[in-house]
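Spelled out from the first residue to the last, the chains are:
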Amino acid sequence: MTYDRSKLRPRWLHIGFGAFARAHPLCVLHRGLLNDPTGDWGVIVARLNSGRDALDQLDHARGIYHVLAADADGLHAEQVGCVIGTRHPDRDGADALPMLIASPELAVISLTITEKGYCSGPDGLDFDNPAIRAELAGAPPRTAISVLVAGLARRRAASHAGLTLLACDNLSGNGTKLARAVDDFARATDPQLADWIAGACRFPCSMVDRIVPAMTSPDRDRVRGTLGQDDPSAVICEPFLQWVIEDSFAADRPPLAEGGALLVADVEPYEDMKLRMLNGAHSLLALLGGQAGLATVDACMADPHFAAAVAHFHAQEAAPTLPPLPGIDLARYGEDLRARFRNPALKHRTAQIASDTSQKLPQRILAPLRWHLAQRGTVPPLMALVLASWLIWLRGYGDDGCALEVNDPRAETLRARISTLPSDADALPVFLAGYDGFGPDLAPDQRLHSAVQDALARLRAHGVRNTLAATMSEVAS
Ligand code: NAI
Ligand code: CS2
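Residues numbered from 1 in each chain as written. Chains lettered and ligands numbered in written order. Predicted model: local features only at pLDDT ≥ 70, side-chain atom pairs only at ≥ 80, totals over all residues. Heavy atoms only, no water.

The name an unreviewed UniProt entry assigns to the protein is Mannitol 2-dehydrogenase, from the organism Roseinatronobacter ekhonensis.

Written out as structure tokens, the structure reads:
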């Protein structure tokens, strides 16, 4: 490490110190500090709804941890040193984060809190979310949105300048969604605060990309073997890293371009490209692969039916929905994605990607599906199979009757409605009407109904592999 850590100040708060934060935003800032060693951009990391152990462990290592990029040649370790402290409400008190947000030195707050952490639906903040309801009724701030608003209220009261709030989750228009949720919450409590936030703070959108699977116990052994010591905060990920950020900062801008990020005026085309090509294909592999009993993405890609389906999905179902982006060849982008998915050193579990599907489908599958219906009047066959597969997951058993465990904030409600219905055909209309991602346009659409019905019947009758093989030969003819 070649920057002086003793010069780092608490200028950046990161909420959601999970696997991705370590290998992406914090890693980029670290690289930026290496390239601009005069910077004082130290980070305080926080967790809200997961335990404090990860933070205690990081404190024990004085904030230093390793990111290990995995490829066919092995693991390549990078030591990250930009973290200078941690906060957890259970350890440091409910006031700890709002106080930090109000401190004059702080300039940036970034978030990797998963899609559901934004507590939002298509129309902004979800006022029916029980945690949000409780906070608006006076409970101490615990959701990210309420913590941000509590901190910004203190900041305004102290007459400090606004902040940059940088959403780094896989949502389209992630910054806009964050701004909307914060505004909705603030406006419900203090409209003048909401006006101040809108004027003084910035919520840049950003496209984030690096595959960072959840760590497993064999991964911990690999880390120990490579470093020659334990590092409980280490993560293993792919070498690839991309971050495209809307160039809209409230005050000082950290050395992100120096760390490899691309700052642009409009992130939306990059976001849509990544969410539809990478994440859409990931959800396809996770749902259909998991249903077929395949445990990891590389195992799916080693199966010729899945490999052909992903190539078709990229070329015919996702890419046509995207506007051209200067300097980007979507065919090449798709090929590169498939090579990343084949990385045998990353054991990215299909079950991990299948979790929270209700939060992921709108930006990954349903937005491009709407494009196909509007422009071509058709439902692409693989998108229909993905939706049918999710219904099958919700009904609880896959090919050969194997049990499918759904980990999703909406699963309980959806499962209660559809798992007891006698047949998939009975379940389909309830599914279409019961999941709000479909919305008033897609839920009653007969073309969607019959495409998913057909996909369900095929998957149940022939299993995933045979269905993919038949579908690919039909689209080729
Ligand atoms: P993780 O499970 O390791 O960490 C999730 C973090 O989010 C934890 O700190 C957890 O406390 C926090 N969290 C979960 N639910 C929350 C809630 N309701 N409110 C506040 N905080 C909450 O997951 P990981 O891998 O760090 O991924 C997190 C997010 O980062 C993803 O959901 C995605 O949006 C984004 N991302 C992840 C990538 C990956 O490959 N892992 C790549 C690109 C983006
Ligand atoms: C994955 C993503 O878990 C998932 O849903 O699709 O986290 C994926 O690994 C990243 O977006 C890659 O940048």
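## Structural notes on the sheet that holds strand S3 (residues 65-71)
Basically, it comes down to this: What makes two strands pair is DSSP finding at least two bridges between them. Only DSSP runs of H or I covering at least 4 residues are called helices, and only runs of E covering at least 2 are called strands; the numbering of each starts at the N terminus. Helix axes use the C-alpha atoms of the stretch in contact, all axes being lines fitted to C-alpha atoms, and the angles between their N-to-C directions lie in the range 0 to 180 degrees. Residue contacts follow a heavy-atom distance rule, with two residues in contact if any of their heavy atoms lie within 4.5 Å.
On the basis of which strands lie adjacent, the open sheet formed by three strands has the order S4-S3-S11 and mixed pairing. Of all strands in the sheet, those with a lone pairing partner are strand S4 (74-80) and strand S11 (235-237), marking the two edges. Taking the axes of each pair of neighbouring strands and ignoring which way they run, one obtains an average angle of 25° across the sheet. With seven bridges connecting them, S3 and S4 associate as antiparallel partners. Opposite Leu-68, over in S4, you have Ala-77 as the bridge partner. In this fold helix H2 (residues 25-35) packs onto S3 and S4, with an angle of close to 70° to the strand it touches most, S4. Taken strand by strand, helix H10 (residues 217-227) contacts S3, S4 and S11, and its axis lies near 100° from that of S3.

## Some words on the site of ligand 2
Quick note on the threshold: Here a residue is near a molecule or strand as soon as one of its heavy atoms is found within 4 Å of it. Polar contact criterion, stated in full: a pair of N or O atoms within 3.5 Å, where within protein one must be able to donate a hydrogen and the other to accept it, and residues adjacent in sequence count only if both atoms are side-chain atoms. Method for areas: the Shrake-Rupley scheme with a 1.4 Å probe, in which residue coverage is limited to the protein chains shown. All residues other than Ala, Val, Leu, Ile, Met, Phe, Trp, Tyr, Cys, Pro, Asp, Glu, Lys and Arg, Gly among them, are scored as polar; the first ten of these are nonpolar and the last four charged. As used throughout, domain bounds are those supplied by an automatic or database domain assignment.
Around ligand 2 sit Asn-170, Asp-209, Arg-210, Ile-211, Lys-274, Leu-278, Asn-279, His-282, His-348, Ile-353, Lys-360 and Arg-364, and that is every residue in its neighbourhood. Asn-170 is positioned such that a nitrogen or oxygen atom in its side chain is 2.9 Å from an oxygen atom of ligand 2. The separation between an oxygen atom of ligand 2 and a polar side-chain atom of Asn-279 is 2.8 Å. Here ligand 2 loses 88% of its free accessible area of 350 Å² to cover by the protein chains. Only helix H11 (268-291) and helix H16 (357-376) provide two or more residues apiece to the shell around ligand 2. At four residues, the largest contribution of residues to the shell around ligand 2 is made by H11. Residue composition of the shell around ligand 2, grouped by class: three nonpolar, four polar and five charged. Two domains each donate at least three residues to the shell around ligand 2, and these are domain 1 (5-264) and domain 2 (268-476).

## As for the sheet that holds strand S6 (residues 108-111)
Sheets are built from strands that pair by backbone hydrogen bonding, the pairs being arranged parallel or antiparallel. Overall, parallel pairing links the five strands, which are arranged S5-S2-S1-S6-S9 in an open sheet. Each having just a single partner strand, strand S5 (83-87) and strand S9 (164-167) make up the two edges of the open sheet. Between one strand axis and the next, the sheet turns by 25° as a mean value, whatever way the strands run. Packed on one face of the sheet, H2 meets strand S1 (9-15), strand S2 (41-46) and S5 and runs near 165° to S2.

## Looking at the packing of helix H19 (residues 424-434) against helix H21 (residues 446-476)
Put simply, the rule is: An angle below 35 degrees is read as roughly parallel, one above 145 as roughly antiparallel, one from 65 to 115 as roughly perpendicular, and any other as oblique. The crossing is said to be left-handed when, going from far helix to near helix, the turn is anticlockwise and less than a right angle, and right-handed when the turn is clockwise.
Look at H19 against H21: their axes get within 10 Å of each other, and the N-to-C directions meet at 140°. By the angle between their axes, H19 is oblique relative to H21. For the pair H19 and H21, the crossing hand works out as right-handed. From H19, Asp-424, Ala-425, Leu-428, Pro-429 and Leu-432 reach across to H21, where they touch Leu-448, His-449, Val-452, Gln-453, Leu-456 and Arg-460.

## Considerations on the UniProt feature "domain: Mannitol dehydrogenase C-terminal" (unreviewed entry) in the protein
Counted only if it meets this: UniProt positions are given in the numbering used here, feature names are shortened, and annotations may be inferred rather than shown by experiment.
The UniProt entry lists residues 266-458 under the feature "domain: Mannitol dehydrogenase C-terminal" (unreviewed entry), expressed in the numbering used here. Across residues 266-458, helical content stands at 68% and strand content at 0%; the span's end C-alpha atoms are separated by 41 Å.

## Thoughts on the packing of aromatic side chains
Inclusion rule: Whether two aromatic rings pair depends on their centres lying within 6.5 Å, for rings of Phe, Tyr and Trp, where Trp uses its six-membered ring; planes under 30 degrees apart make the pair stacked, over 60 edge-to-face, and the rest tilted. Working definition: with a 1.4 Å probe on protein chains only, accessible area under 20% of the residue-type maximum means buried, over 50% means exposed, and in between means partly exposed. Geometrically, a charge over a ring is one whose NZ (Lys) or CZ (Arg) sits within 6 Å of the ring centre while staying within 35 degrees of the ring normal.
Evaluation of the coordinates by the stated rule reveals five aromatic pairs. The interplanar angle of 75° and the centroid separation of 5.0 Å between the aromatic rings of Trp-390 and Tyr-435 together place this pair among those described as edge-to-face. One end of the pair, Trp-390, is in helix H17 (residues 381-395); the other, Tyr-435, is in the loop between H19 and helix H20 (439-442), with 45 residues separating them in the sequence. When sorted by exposure, Trp-390 lands in the same class as Tyr-435, which is buried. Among the aromatic residues, those joined into a cluster by ring pairs are Trp-390, Phe-431, Tyr-435 and Phe-438. The residue whose ring lies beneath Arg-340 is Phe-240, and the NZ or CZ to ring-centre distance is 3.8 Å. The lysine or arginine in question, Arg-460, covers the ring of Tyr-397, its NZ or CZ lying 4.1 Å from the ring centre.

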